[in-house]
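Coordinates in review
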Amino acid sequence: MKKIDLKSLTLKELEDVFLQINEKKFRAKQVFKWIHKQKVDSIDDITVLSKKLRDKLNENHKIGNIKKFKRFDSNIDNTKKYLFILEDSNIIESVMMEYKHGVSLCLSTQVGCKMGCSFCASTKDGLVRNLTPSEILDQVYSIEKDLNVKVSNIVLMGTGEPLDNYDNVLKFLRLIHDKNGLNIGYRHITLSTCGIVPKIYELAEEALPITLSISLHTPFDEDRQEIMPIANRYSIGEIIEACKYYIKKTNRRITFEYTLIDEVNDTNRHAEKLVKLLSGLLCHVNLIPLNPIKENDLVKSKKESINRFKSYLDVRGISATIRREMGSDVNAACGQLRRDYKK
Ligand code: SAH
């Protein structure tokens, strides 16, 4: 029988585990804290439990761990990129960025991705599998232990489509927010999606005040269908409707990610349409200069085009920022590190 990973369980589920093995329910909270606050690697390390109880737990349970495989340190801005190896030997990547306001982590939610966006390296070999809540959490715990830092912000913008792994991602959010764990505020967490409309509504119903970030990349459906296969399923109009519902339920400002690709989506025609689309919506636009990948010949927008695009939005009352390029000396594009290592 496959052992149950205690790191993936909510406090309530952990209580059920103890009841099932005829132990006291209060043990659950102790164990939860040892896993999520002390970040222990194994049941044997939970020394507040007797040896007998640890052995009993070990029979059908475990504490899952991912292992640091490689770390790439930027000499420019202290960005650190990690490759982790999972228990089944799959490899995932995560990134640590240091800002004035704290330490931010970019996490993966899947091994690979099936969304097929043309500019993204993470999807080139398709989806291998979903990450478990434990594996998403452990990216945070491993980096905190490795660098002896306290993480303040989390972005789900690494490999994978978070809303395609909905249940595990939601559980991750609840676990990382738990007051008996790291207790990271929902407002410090961003979930980025290519726009799986029904799941945006589902997430809105949870009414968690996390930031929802939509990878829009163009205001035209025809263009979007060319670069993002998901656009054949859901139109931009449907995404905007879902965003309005999300705002209504959470009161949170939506972020739109817009990766600027030379002559593909950085023209005045695009800026003009984008302004029309977003005017009046509680939102912010994150302009991301394309990180070119070797799998295609898309080119990063020119500096002038990026600045012109931003000013066009600014002048018309749409708040926009240009994303700083972090760790450019260890800058294999999103998903590129993992791909290189797999080979
Ligand atoms: N699947 C989710 C989250 C992962 S991608 C999503 O689509 O939002 C995180 C962000 O990086 C997305 O906006 C994605 O479109 C963008 N991205 C992917 N590859 C990129 C590249 N080569 N250059 C710039 N941005 C990229």
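Our subject is the structure listed above.
Just so it is clear, the structure is predicted and the values come from calculations on it, not from any experiment.

Points about the pairing of strand β4 (residues 80-85)
- Most of β4 sits inside the fold, with 5 of its 6 residues counted as buried.
- Bridging between strand β3 (residues 67-73) and β4 involves 6 bridges; their strand directions are antiparallel. Paired with R71 across the bridge in β4 is Y82.
- Linking β3 back to β4 in an antiparallel pair, the connection comprises 6 residues, with N78 at a positive phi of about 70°.
- Linking β4 back to strand β5 (residues 91-99) in an antiparallel pair, the connection comprises 5 residues, with S89 at a positive phi of about 75°.

Side note on the sheet that holds strand β12 (residues 254-260)
- Read across the open sheet, the 10 strands follow the order β3-β4-β5-β6-β9-β10-β11-β12-β13-β14; overall the sheet is mixed. Taken across any chain shown, the strands that pair with only one partner, and hence form the sheet edges, are β3 and β14 (320-322). When strand polarity is set aside, the average angle formed by the axes of neighbouring strands in this sheet is 25°.
- As defined by bridge partners, β5 adjoins strand β6 (residues 102-106) across 5 bridges and the pair is classed as antiparallel. For V95, the partnering residue across the bridge sits in β6 and is C106.
- Running at roughly 145° to β12, helix α8 (residues 236-250) makes contact with β11 (211-215) and β12 of the sheet.
- Most of the contacts of helix α10 (residues 303-315) go to β14, to which it runs at about 165°, and overall it touches β12, β13 (283-289) and β14.

Considering the packing of aromatic side chains
- Summed over the entire model, instances satisfying the criterion amount to 3 aromatic pairs.
- Their ring planes at 0° and their centres at 5.3 Å tell us that Y82 and F84 sit as a pair that is stacked.
- Taking relative accessible area as the criterion, Y82 reaches 0% and is therefore assigned buried.
- Ring plane angle 45° and centroid distance 5.3 Å describe the contact between Y201 and Y245, whose orientation is recorded as tilted. Linking Y201 in helix α6 (residues 197-206) with Y245 in helix α8, this pair joins segments that are 44 residues apart in sequence.
- Given the relative accessible area of 31%, Y201 is considered partly exposed.

Thoughts on the nonpolar core
- Counting residues in each nonpolar core, the largest one holds 97 residues, and the members touching the most others are I154, L173 and F256.
- Two domains each put at least three residues into this core: domain 1 (4-62) and domain 2 (67-342).
- With near-sequence residues (within four places) excluded, F256 lies in contact with I214, L216, I240, C243, L278, L281, C283, H284, V285 and N286.

Calculation notes
- Residues numbered from 1 in each chain as written.
- Predicted model: local features only at pLDDT ≥ 70, side-chain atom pairs only at ≥ 80, totals over all residues.
- Heavy atoms only, no water.
- Buried < 20%, exposed > 50% of the residue type's maximum accessible area, 1.4 Å probe, protein only.
- Helix = DSSP H or I, 4+ residues; strand = E, 2+ residues; numbered from the N terminus.
- Pairing = 2+ DSSP bridges.
- Axes fitted to C-alpha atoms, helices over the stretch in contact; angles between N-to-C directions.
- Contact = heavy atoms within 4.5 Å.
- Phe/Tyr/Trp six-rings, centres within 6.5 Å; stacked < 30°, edge-to-face > 60°.
- Core = buried A, V, L, I, M, F, W, Y, C linked by side-chain atoms within 4.5 Å.
- Domains from an automatic or database assignment.

By themselves these figures say nothing about function.
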